[in-house]
Amino acid sequence: MPTRGDRHLRSVRLAKQLAALGARLKTIHLVTGIPPRQVQRLFFPDARTIPRGRAPDSAEWYHGANLIMRIDACIIGAKYHQLRDLGLSAGEALVFADRAYQAATLPPYRISLDRAFNLVSYIDGIWLARAPALSILTCPDCGCEFIAAVGTIAHPGQACPFCKLLERFHLDHRIQASYPVRPAIDMTECQLGMLALFHKLSPGTEGDTPA
Ligand SMILES: [Zn+2]
């Protein structure tokens, strides 16, 4: 049985990981329960390094985002969902999902940690959200996992973001060469393959981090 000390150490470790990923004080506070002033004292001795600016506070941005941003969001959302199913805490799953996303793409990262935090809040109905507003669905056409408004049912032929990606480039021979038809493909592997391809084809799309 973990002691109070164990739980405190775990929170501090998580706070450190979030700070390293560029989280705002408020985000770190909401995930770990550590007061913002203490987070600042521990991890931002130089106040000039504190991440600033307004964080997204609703899930609406996802529906209005361009295809590349939505695909990036799907990578994070699906990974988070997978890790939660494996029994990780929400905070740990957020950190690992964000790291997996950063490992799969090149800086500047289009989705900031705070935006990922917003996203998973609305997937699980925690932190910023009172109830789930987004859910993870598996596309019946391409097999990739994607994010949709809660209550949405995935119908064949409706084109998830990954299907749209394929549609957009379906005449491109490089894509055809990159996608051998593989049954029982791992969902996240499928997404990561599409993502890598997409970044290769569309460099320099704007996101949260200024280029
Ligand atoms: Zn699809």
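Residues numbered from 1 in each chain as written. Predicted model: local features only at pLDDT ≥ 70, side-chain atom pairs only at ≥ 80, totals over all residues.

From N to C terminus, the protein chain includes 10 helices and two strands. Each helix (α) and strand (β) of the protein chain, taken in turn from the N terminus, gives the series α-α-α-α-α-α-α-β-β-α-α-α. Residue burial in the protein chain is summarised as follows: out of 211 residues, 33% are buried. For the protein chain, the share of sequence-separated contacts (at least 6 apart) that also reach a separation of at least 24 residues comes to 57%. (Helix = DSSP H or I, 4+ residues; strand = E, 2+ residues; numbered from the N terminus. Buried ≥ 20, exposed ≤ 12 C-beta atoms within 10 Å, placed from the backbone. Contact = placed C-beta atoms within 7 Å.)

Taking 1.5 Å per residue as the helical rise, helix α1 (residues 4–20) with its 17 residues ought to reach 24 Å, and the 24 Å between its terminal C-alpha atoms agrees with that figure. The complete set of buried residues in α1 reads Leu14, Ala15, Gln17, Leu18 and Ala19. Check the buried side of α1 and you find it contacts α2 (25–32), α3 (36–43), α6 (90–104) and α7 (113–124). Positive phi appears at Gly22, one or two residues downstream of α1, with a value of about 95°. (Expected span 1.5 Å × (residues − 1).)

The subject of this paragraph is the pairing of strand β2 (residues 145–149). Side-chain direction in a regular strand flips from residue to residue, so the side chains alternate between the two faces of the sheet. Taken across its five residues, β2 has four buried, putting it largely inside the fold. Connecting strand β1 (residues 134–138) to the antiparallel partner β2 that follows it, the hairpin turn spans six residues, and Gly143 within it adopts a positive phi of roughly 85°. (Pairing = 2+ DSSP bridges.)

Here we take up the nonpolar core. Of all hydrophobic cores here, the largest spans 45 residues; its most connected members are Leu18, Ile28, Ile76, Leu94, Ala116 and Phe162. Those elements that place two or more of their residues in this core are α1, α2, α5 (67–85), α6, α7, β2 and α8 (161–168). Counting only domains with at least three residues in this core, you end up with domain 1 (1–53) and domain 2 (55–201). Other than its neighbours up to four places away in sequence, Ile76 contacts Ala97, Asp98, Tyr101, Ile111, Ala116 and Leu119. (Core = buried A, V, L, I, M, F, W, Y, C linked by C-beta atoms within 7 Å. Domains from an automatic or database assignment.)

At a closest axis distance of 11 Å, the pairing of α1 and α3 adopts a crossing angle of 70°. The angle between α1 and α3 falls in the class roughly perpendicular. Of α3, the residues touching α1 (which contributes Ala15, Lys16 and Ala19) are Val39, Leu42 and Phe43. Among the residues forming the contact of α1 with α3, the class breakdown is five nonpolar, no polar and one charged. (Axes fitted to C-alpha atoms, helices over the stretch in contact; angles between N-to-C directions. Parallel < 35°, antiparallel > 145°, perpendicular 65-115°, else oblique. Nonpolar A, V, L, I, M, F, W, Y, C, P; charged D, E, K, R; others polar.)

Between its first and last C-alpha, α6 extends 21 Å over 15 residues, near the 21 Å set by a 1.5 Å rise per residue. Inspection of α6 places Gly91, Ala93, Leu94, Val95, Ala97, Asp98 and Tyr101 among the buried residues, and these make up the whole buried set.

What follows concerns the pairing of β1. Bridge count for β1 against β2 is five bridges, and the pairing is antiparallel. Pairing of Leu137 across the sheet is with Phe146, part of β2.

Moving on, we get to the environment of Gly143. As for its placement among the helices and strands, Gly143 is situated in the loop between β1 and β2. Along the sequence, Gly143 and Phe162 sit 19 residues apart, while their C-alpha atoms lie 9.2 Å from each other.

Another point: the packing of α5 against α8. In a packed pair of helices, the relevant descriptors are the angle between the two axes and the axis-to-axis distance. Relative to each other, α5 and α8 sit at 135°, their axes nearing to 9 Å. As summarised for this structure, α5 and α8 are arranged oblique, according to the angle between their axes. Helix-helix and strand crossings are classified by hand; for α5 and α8 the assignment is left-handed. Contacts between α5 and α8 involve Leu67, Arg70, Ile71 and Cys74 on the former and, on the latter, Pro161, Phe162, Lys164 and Leu165. (Left-handed = near helix turned anticlockwise from the far one by under 90°.)

Averaged over the protein chain, the pLDDT score is 84; the fraction of residues at 70 or greater is 82%. Ranking the helices and strands of the protein chain by mean pLDDT puts α7 first, with 97, and helix α9 (residues 173–178) last, with 47. Low confidence marks residues 174–187, where pLDDT is under 50. Its contacts with residues over four positions away, or in another chain, come to 12 contacts. (pLDDT = per-residue confidence, 0-100.)

For Trp127, which is not glycine, the phi torsion reads 50° and is therefore positive. Examined against the element boundaries, Trp127 turns out to sit in the loop between α7 and β1. Positive phi outside glycine occurs at Ala159, with the angle close to 65°. Along the polypeptide, Ala159 turns up in the loop between β2 and α8.

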